[in-house]
Amino acid sequence: MFIARGIQQLNQHLNKLNVKEKSVGFVPTMGALHAGHLELVKSSIKDNEITICSIFVNPTQFNDKSDFDKYPRNDYDDIALLKDTGLAVIYFPNADELYPKNKAELFDYDDEKLFSVFEGEFRPGHFLGVTTVVMRLFEHIKPNNAYFGLKDYQQYLVIKRATPHFFRNLNIIGVPTVRNESGLALSSRNARLSKPELINAEAIVGSLRSFSQNKRKLPIGTIVKNGMTAMKEKGLEPEYLVVCNADTLQEISNWDEADNYVALCAAFIGGVRLIDNLLF
Ligand code: AMP
């Protein structure tokens, strides 16, 4: 496994690997890696001859400076975790190579207005930052396949819709969410929670499951109300709990309005913001 710091080291190593002749899989991350990230890496290794994982805590996708400052950073542990996976390269990009001063272009592609709802509403500018960093990383790496967790379902849709407008022949692949034994979605942010907070955070997935369990049995409004109450009782501060058409991300209020559903939730606990969703 080669550790590339900056674009020059990356290109030198990729030339040695003769990448032009090979299929390249790419997994972008912000580090503080866990079994969820490893699932993406495994999927890529299965599908491709060469897999590259990037680690970069991207400032432009944080609307809250203190969230960016507190984001866990753990390069040493991340490298140790990736060492025996079969990964070809870990890429630590330089911020000034991703965001050169002479390159103002942002990847502002949002035909379907996905940038401004849910995560976009509560984190203004978030998806412009995400799309820009991901497209710049695609420029650096030129992958054939790129892997994103369905854990960040809205992000997955945003990238899937934007990519074909900038890169032909690049497949965006969604990987199912990895959860702990109680159902809590693994997240780098979980590292900032105490044991009791981690247990209380399970109310998020409980509220999401309630949509699939009560599908067409209870009115959506009732499920939302009960879910919000259940989360608040556990000390969570929910920002949104909705069910949407999984293809368009249009919120629905009636079961007849969609065939494929995604329930989405964001909530704070102990000052940490968690998101999760369930496709059903
Ligand atoms: P992050 O480092 O949080 O930006 O995440 C990097 C990638 O890992 C994103 O595509 C996430 O959706 C994905 N990811 C994060 N947590 C999980 C999880 N629990 N299961 C599957 N994928 C995940």
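These lines cover the structure that appears in this document, whether it is placed above or below. Remember, it's a predicted structure, so these values are computed and weren't measured experimentally.

Some thoughts on the sheet that holds strand 5 (residues 145-149)
So, point 1. Here we have six strands laid out as an open sheet, ordered 1-4-3-2-5-6, and parallel in their pairing. Each edge of the open sheet carries a strand with a single partner, namely strand 1 (2-5) and strand 6 (171-175). In this sheet, neighbouring strand axes are inclined to one another by 25 degrees on average, regardless of whether the strands run parallel or antiparallel.
So, point 2. For strand 1 and strand 4 (residues 89-92), the ladder comprises four bridges, and the chain directions are parallel. Among the inter-strand pairings, F2 is bridged to a residue of strand 4, identified as V89.
So, point 3. Across the sheet, helix 8 (residues 153-162) touches strand 5 and strand 6, and the angle it forms with strand 6 is around 165 degrees.

Points about the state of the cysteines
So, point 1. Under the criterion given, the structure shown has zero disulfides.
So, point 2. Unpaired in this structure, C244 has its nearest cysteine sulfur neighbour in C265, at a distance of 12 Å.
So, point 3. Residue C265 is classed as buried on the basis of its relative accessible area of 0%.

Observations regarding the site of the ligand
So, point 1. The full set close to the ligand counts 17 residues, and M30, G149, D152, V178 and L186 are the nearest of them.
So, point 2. Note that an oxygen atom of the ligand is positioned 2.8 Å from one of the backbone N or O atoms of G149.
So, point 3. Take V178: an N or O atom from its main chain is 2.9 Å from a nitrogen atom of the ligand.
So, point 4. Across the complex, the protein chains shield 93% of the 480 Å² of accessible surface that the ligand would expose by itself.
So, point 5. Of all the secondary structure elements, the ones that give two or more residues to the shell around the ligand are strand 2 (24-29), helix 2 (35-47) and strand 5.
So, point 6. Among the elements that take part in the shell around the ligand, helix 2 stands out by supplying three residues, more than any other.

A look at the sheet that holds strand 8 (residues 261-269)
So, point 1. Taken in spatial order, the three strands line up as 7-8-9 in an open sheet, and their pairing is antiparallel. One side of each edge strand has no neighbouring strand; the edge strands of this open sheet are strand 7 (237-245) and strand 9 (272-279). This sheet shows a mean twist of 10 degrees between the axes of neighbouring strands, independent of strand direction.
So, point 2. Sheet topology note: the strand 8/strand 9 ladder contains eight bridges and is antiparallel. Directly across from I269, in strand 9, lies its bridge partner V272.
So, point 3. In the packing of helix 10 (residues 202-213) onto the sheet, contacts are made with strand 7, strand 8 and strand 9, and the angle to strand 9 comes to roughly 20 degrees.

About the criteria used
Residues numbered from 1 in each chain as written. Predicted model: local features only at pLDDT ≥ 70, side-chain atom pairs only at ≥ 80, totals over all residues. Heavy atoms only, no water. Pairing = 2+ DSSP bridges. Helix = DSSP H or I, 4+ residues; strand = E, 2+ residues; numbered from the N terminus. Axes fitted to C-alpha atoms, helices over the stretch in contact; angles between N-to-C directions. Contact = heavy atoms within 4.5 Å. Disulfide = S-S within 2.5 Å. Buried < 20%, exposed > 50% of the residue type's maximum accessible area, 1.4 Å probe, protein only. Near = heavy atom within 4 Å. Polar contact = N/O pair within 3.5 Å; in protein donor to acceptor, adjacent residues only side chain to side chain. Areas by Shrake-Rupley, 256 points an atom, 1.4 Å probe, with all protein chains shown as cover.

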